[in-house]
Amino acid sequence: MEGTAVWMEDQVYPTINDYLQYLTYSQITQPEVPIDYAGTFERYGAVIFWKYLSEGYHDVTIIRRIWTAAAVSHGATDGLRATIDVLANKHVNFADAFAR
């Protein structure tokens, strides 16, 4: 979920583009790395997926809905399961979204 923190930084400070330094560690350059891998910088490189979700579906609230779905008060759902569930509510298959 660190990738969502980098995503939020880009939302709050859109002209800084600090997220670009992590693209080397993203799934674009390392497609074999799972989105929930907590490696050294890969967790930050996942920002590209969160940017894709919010920009590709024109919905900046999707990240908050994923966090809400993952909240302990909602049954201790993990971040990946929460992402799958929120996308399913939008009739979007996680695997298809991730592949795009």
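Residues numbered from 1 in each chain as written. Predicted model: local features only at pLDDT ≥ 70, side-chain atom pairs only at ≥ 80, totals over all residues. Heavy atoms only, no water.

1. What to know about the confidence of the model for the protein
The condition that has to hold: A score between 0 and 100, pLDDT records how confident the predictor is in each residue. What counts as a helix is a DSSP run of H or I of at least four residues, what counts as a strand is a run of E of at least two, and both are numbered from the N terminus.
On average, the protein scores 90 in pLDDT, and the residues at 70 or more come to 94%. Taken element by element, the protein is modelled with least confidence in helix H2 (residues 42-45), mean pLDDT 91, and with most confidence in helix H3 (residues 47-56), mean pLDDT 95.

2. A word on the pattern of salt bridges
Selection rule: For this analysis, a salt bridge means a side-chain nitrogen from Lys or Arg found within 4 Å of a carboxyl oxygen belonging to Asp or Glu. The rule is simple: take the accessible area with a 1.4 Å probe, protein chains only, and divide by the maximum for that residue type; under 20% is buried, over 50% is exposed, in between is partly exposed.
For the structure shown, the criterion picks out five salt bridges. With a closest N to O distance of 2.7 Å, lysine 51 and aspartate 10 form a salt bridge. On the criterion of sequence distance, the pair formed by lysine 51 in helix H3 and aspartate 10 in helix H1 (residues 2-12) is long-range, its members being 41 residues apart. Given the relative accessible area of 7%, lysine 51 is considered buried.

3. Re a nonpolar patch on the surface
Rules: Patches draw on residues past 30% relative accessible area with no salt bridge. Two like charges within 9 Å are joined, as are two nonpolar side chains (Val, Leu, Ile, Met, Phe, Trp, Tyr) within 5 Å. Here the accessible surface of atoms and residues is derived via Shrake-Rupley with a 1.4 Å probe, and residues count as covered only by protein chains that are part of the display.
Residues Met8, Val12, Tyr13 and Ile16 make up a contiguous nonpolar surface patch of about 410 Å² in total accessible area. Among the secondary structure elements, methionine 8 is positioned in helix H1. Judged by its relative accessible area of 42%, methionine 8 falls in the partly exposed class.

4. A few points about the nonpolar core
How we decide: Working definition of a nonpolar core: buried Ala, Val, Leu, Ile, Met, Phe, Trp, Tyr and Cys residues. They are joined through side-chain atoms within 4.5 Å. The contact rule is simple, with two residues in contact once any of their heavy atoms fall within 4.5 Å.
Formed by 20 residues in total, the largest nonpolar core has its most connected members in Phe49, Trp50, Leu53, Ile62, Ile66, Leu87 and Ala97. Secondary-structure elements contributing two or more residues to this core are H1, H3, helix H4 (62-70), helix H5 (79-89) and helix H6 (94-99). Once residues within four sequence positions are removed from consideration, tryptophan 50 is found in contact with Gly3, Thr4, Trp7, Ile63, Ile66 and Thr83.

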